[in-house]
Amino acid sequence: MITPEKFPGAEIDPTGVLRFGGADTLALAKKYRTPLYVMDEDVLRANCREFRRGFEAAYPGETRVLYSAKAMTALEVMRTAADEGLGLDASSMGEVRGALLAGIEPGEIYLHGGFKKEQDLRDALRLGVGTIVLDSRDEALTLERLARASKRKPAVLLRVTPGIEAHTHHFIQTGRLDTKFGVPIAGGAALSLIAEILRSRSLELRGFHYHIGSQILDLKPYREAARRAADFIASLKSRLGYVPAEVNAGGSFPARYSSRQALPDVRRIARAVAGELSARLRESGVPLPRLVVEPGRAIAGPAGITLYTVGPVKTVPGVRSYVIVDGGLSDNPRPALYGAAYEAVIAGRASAPPDGNYRVCGSHCENDVLIKSLPLPSPRPGDVLAVFTTGAYNFSMSSNYNKFPRPAVVMLKNGKPRLIVKRETDGDLFAMDVITRRARATRGYRRPMKKSPPPTTGK
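Rules used in this analysis
Residues numbered from 1 in each chain as written. Predicted model: local features only at pLDDT ≥ 70, side-chain atom pairs only at ≥ 80, totals over all residues. Heavy atoms only, no water. Phe/Tyr/Trp six-rings, centres within 6.5 Å; stacked < 30°, edge-to-face > 60°. Helix = DSSP H or I, 4+ residues; strand = E, 2+ residues; numbered from the N terminus. Buried < 20%, exposed > 50% of the residue type's maximum accessible area, 1.4 Å probe, protein only. Lys NZ or Arg CZ within 6 Å of the ring centre and 35° of its normal. Patch = residues over 30% accessible without salt bridge, like charges linked within 9 Å, V, L, I, M, F, W, Y side chains within 5 Å. Areas by Shrake-Rupley, 256 points an atom, 1.4 Å probe, with all protein chains shown as cover. Salt bridge = Lys/Arg side-chain N within 4 Å of Asp/Glu carboxyl O. Lys, Arg positive; Asp, Glu negative; His and termini not counted. Charge placed at Lys NZ, Arg CZ, Asp CG, Glu CD. Contact = heavy atoms within 4.5 Å. Polar contact = N/O pair within 3.5 Å; in protein donor to acceptor, adjacent residues only side chain to side chain.

Here we take up the packing of aromatic side chains. What describes a pair of aromatic rings is the distance from one ring centre to the other and the angle between the planes of the rings. Evaluated as defined, the whole model comprises seven aromatic pairs. The interplanar angle of 5° and the centroid separation of 4.3 Å between the aromatic rings of Phe 7 and Phe 388 together place this pair among those described as stacked. Placement of Phe 7 in the segment before strand E1 (10–12) and of Phe 388 in strand E19 (residues 384–388) is noted, with a sequence separation of 381 residues between them. Of the two residues examined, Phe 7 and Phe 388, each falls in the buried class. Note on Phe 55 and Phe 253: the rings are 6.0 Å apart at their centroids and 20° apart in plane angle, and the pair reads as stacked. Residue Phe 55 is found in helix H2 (residues 41–58), and its partner Phe 253 is found in the loop between strand E12 (246–251) and helix H9 (266–284); the two are separated by 198 residues along the sequence. Exposure class is identical for Phe 55 and Phe 253. Each is buried. One aromatic cluster in this structure is built from Phe 51, Phe 55, Tyr 222 and Phe 253. Here the basic side chain of Lys 403 rests over the ring of Phe 430, its NZ or CZ set 4.6 Å away from the ring centre.

Here you go:
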């Protein structure tokens, strides 16, 4: 049986109704309609503080925690993380511009990305992005040329791959040797490129970045990656006479998706990463660099839930029962993309014992499985289904597939909701389409309405 209380911000009131962030989830669904993303500001802030304190306690040198914009790109969420003293890592210039709209100083931004176009790098230089993380030699050469022409000297890190094959889905393994990301340490490619960057008069090399993957529950890969990073630092010192001022250890640390899941707490993760790195460097007699981490989903994920309305409930005798909800692939592609698993409850009967297992599917033109097997108490059309830990990579990965409008986002503070992202309207769905002169000349063409039609769902 699912235990909602194991999810931060969730509790069940005496009538059996799920509350999240102090708010009645049924009331939220009624007021804002569904599907609806709901974020708890208190949980979000608490997660930011926990990672800052955890790494400050585990590492004797300077530390910095970054909020990963890709996890949850709503402006108010980014602003909240900045209020808690976090910098920001962006994976695109779009995320950089969002951060600037949220009032984040450009010097606090780290720009990632496996392929930054020349215009992206020009814009990053013009806007004064604090750190550019180089992902390849081609990118380093392009940025060096642009920086020389603009008479700017940007701070850069080189992304390296430590050759760690962490136990997680292969789509989110990013530190193994066979990956598109970064430059491998093995074989000397990373050391050679660092030597080349150090010779540049237009780039300021602060150090390097590595990241081994996401949602890793075993701490051994973190320790091994930290050891390899420390050995690489020692090699840079002995071979090039260079000591990095900064090491970015990546992150995307795990979030709780199952109430039965054994999850390492922040202090243990910090000791595995920061403790191992500092201990190994002390043995080598190398000064401690500033340690930067990017917790990713671990900050935003637990701070969010998604509310759906239950539609048809179908039973295939001898096979299974299906629950179909009013969202799915367009607001949460993660189950289809790499088998992400979630837990959920009927919000109005959150403490009721289940009468069976149900497959929860969305409304799209695929099988669109959100949850393969979920114990529920006799779901009925009109029930509200609350899915936990959807604060990361749901809103930011959402789409208009099947021309579904993207859901609204509500932020809670002390039980009081405020709308932070409006629900898209039907009129928004074709707002960027261009009706050509040829199309207008065809028989049966109807002149579009001057105003967008009213939304069919939500506010």
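Okay, a positive patch on the surface next. Among the surface-exposed residues, Lys 220, Arg 223, Arg 268 and Arg 271 lie close enough to one another that they form a single positively charged patch. For the positive patch, the secondary-structure elements that each account for two or more residues are helix H8 (220–240) and H9. Inspection of the secondary structure puts Arg 268 in helix H9. When its relative accessible area of 40% is taken as the criterion, Arg 268 is described as partly exposed.

Moving on, we get to the environment of Ser 396. Turning to its location among the elements, Ser 396 is positioned in the loop between E19 and strand E20 (408–413). Looking at Ser 396, the relative accessible area reads 26%, which means it is partly exposed. Considering only alpha carbons, one finds Ser 396 and Thr 73, 323 residues apart in sequence, at a separation of 5.8 Å. With near-sequence residues (within four places) excluded, Ser 396 lies in contact with Lys 70, Ala 71, Met 72 and Thr 73. From its side chain, Ser 396 meets the backbone oxygen of Ala 71 in a polar contact 3.3 Å long.

Attention shifts here to the pattern of salt bridges. This structure, assessed with the given rule, holds 28 salt bridges. Here Arg 49 and Glu 84 are joined by a salt bridge, their closest N and O atoms 2.7 Å apart. With a gap of 35 residues between them, Arg 49 in helix H2 and Glu 84 in the loop between helix H3 (75–83) and strand E6 (87–90) connect regions that are remote in the sequence. Here Arg 49 falls in the partly exposed class, since its relative accessible area comes to 36%. One continuous salt-bridge network, built from bridges that share partners, spans Glu 41, Arg 45, Arg 49, Glu 76, Arg 79, Asp 83, Glu 84 and Arg 418.

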